[in-house]
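What the coordinates show
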Amino acid sequence: QNLSPRTCHIRFAFLMQSSKQNSEMKKVKIRLDEFCFRQFDDPFYVGTKINTEKNIFISQVNERITQNTKLVEGYAPFCKHIFLPNFLKGITVNSVPITNENTHLIR
């Protein structure tokens, strides 16, 4: 998945309440799992910090899910990803492109 500056990949756990077919989102309601609360509440969390209320965040996520939103397989059968345009201010992609100038740093 290519991430543009307008897209942010935020890892958060979610529970799905729906019957899905062929990895399509059909009337899915996403809700946050306690695992991800640290991204909102823990002042010592070093990953992506989400500076909004949890209920506002998840409400905005659910508003942005459409029938065209696809579930993407994750690293394990229970892990799925959804990709949405970044709607959070101050959250940016925490990665850099691999280029000829920085390849030597990762070998």
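A short tour of the structure in this document, coming up. Note that the coordinates shown come from a computational prediction; the quantities given were computed from them, not determined experimentally.

1. Some details on the overall build of the protein
In terms of helices and strands, the protein carries two helices and four strands. Of the regular secondary structure in the protein, the N- to C-terminal order runs β-β-α-α-β-β. In the protein, buried positions account for 28% of the 107 residues. Taking contacts inside the protein between residues at least 6 apart in sequence as the whole, the part at least 24 apart equals 46%. Carbon and sulfur atoms form 50% of the exposed surface of the protein, whose accessible area is close to 8,300 Å².

2. Here's the deal with the nonpolar core
Core analysis: the biggest nonpolar cluster contains 14 residues, and Leu-32, Phe-57, Val-61 and Ile-82 have the highest contact counts within it. Elements supplying a minimum of two residues to this core: strand 2 (30-32) and helix 2 (54-64). Tallying contributions element by element places helix 2 first for this core, with three residues.

3. Some details on the pattern of salt bridges
Counting across every chain of the model gives one salt bridge. Across the pair Asp-41 and Lys-54 runs a salt bridge, and its minimum N-O distance is 2.8 Å. Of the two residues, Asp-41 is situated in helix 1 (residues 38-41) and Lys-54 in helix 2; the sequence distance between them amounts to 13 residues. The exposure class of Asp-41 is partly exposed, given its relative accessible area of 46%. For Lys-54, a relative accessible area of 25% gives the class partly exposed.

4. Thoughts on the packing of aromatic side chains
One pair of aromatic rings is described through two measures. These are the centre distance and the angle between the planes. This model, assessed by the stated rule, comprises two aromatic pairs. Ring geometry for Phe-40 versus Phe-57: centroids 5.4 Å apart, planes at 65°, classification edge-to-face. Taken together, the positions of Phe-40 in helix 1 and Phe-57 in helix 2 put the pair 17 residues apart, joining distant regions of the chain. Note on Phe-40: relative accessible area 10%, which makes it buried. An aromatic cluster of at least three residues, connected via ring pairs, comprises Phe-40, Phe-57 and Phe-87. In this structure, Arg-38 is placed above the aromatic ring of Phe-35, and the distance from its NZ or CZ to the ring centre is 4.5 Å. Directly above the ring of Phe-37 sits Lys-54, whose terminal nitrogen or CZ lies 4.9 Å from the centroid.

Each value, and the rule that gives it
Residues numbered from 1 in each chain as written. Predicted model: local features only at pLDDT ≥ 70, side-chain atom pairs only at ≥ 80, totals over all residues. Heavy atoms only, no water. Helix = DSSP H or I, 4+ residues; strand = E, 2+ residues; numbered from the N terminus. Buried < 20%, exposed > 50% of the residue type's maximum accessible area, 1.4 Å probe, protein only. Contact = heavy atoms within 4.5 Å. Areas by Shrake-Rupley, 256 points an atom, 1.4 Å probe, with all protein chains shown as cover. Core = buried A, V, L, I, M, F, W, Y, C linked by side-chain atoms within 4.5 Å. Salt bridge = Lys/Arg side-chain N within 4 Å of Asp/Glu carboxyl O. Phe/Tyr/Trp six-rings, centres within 6.5 Å; stacked < 30°, edge-to-face > 60°. Lys NZ or Arg CZ within 6 Å of the ring centre and 35° of its normal.

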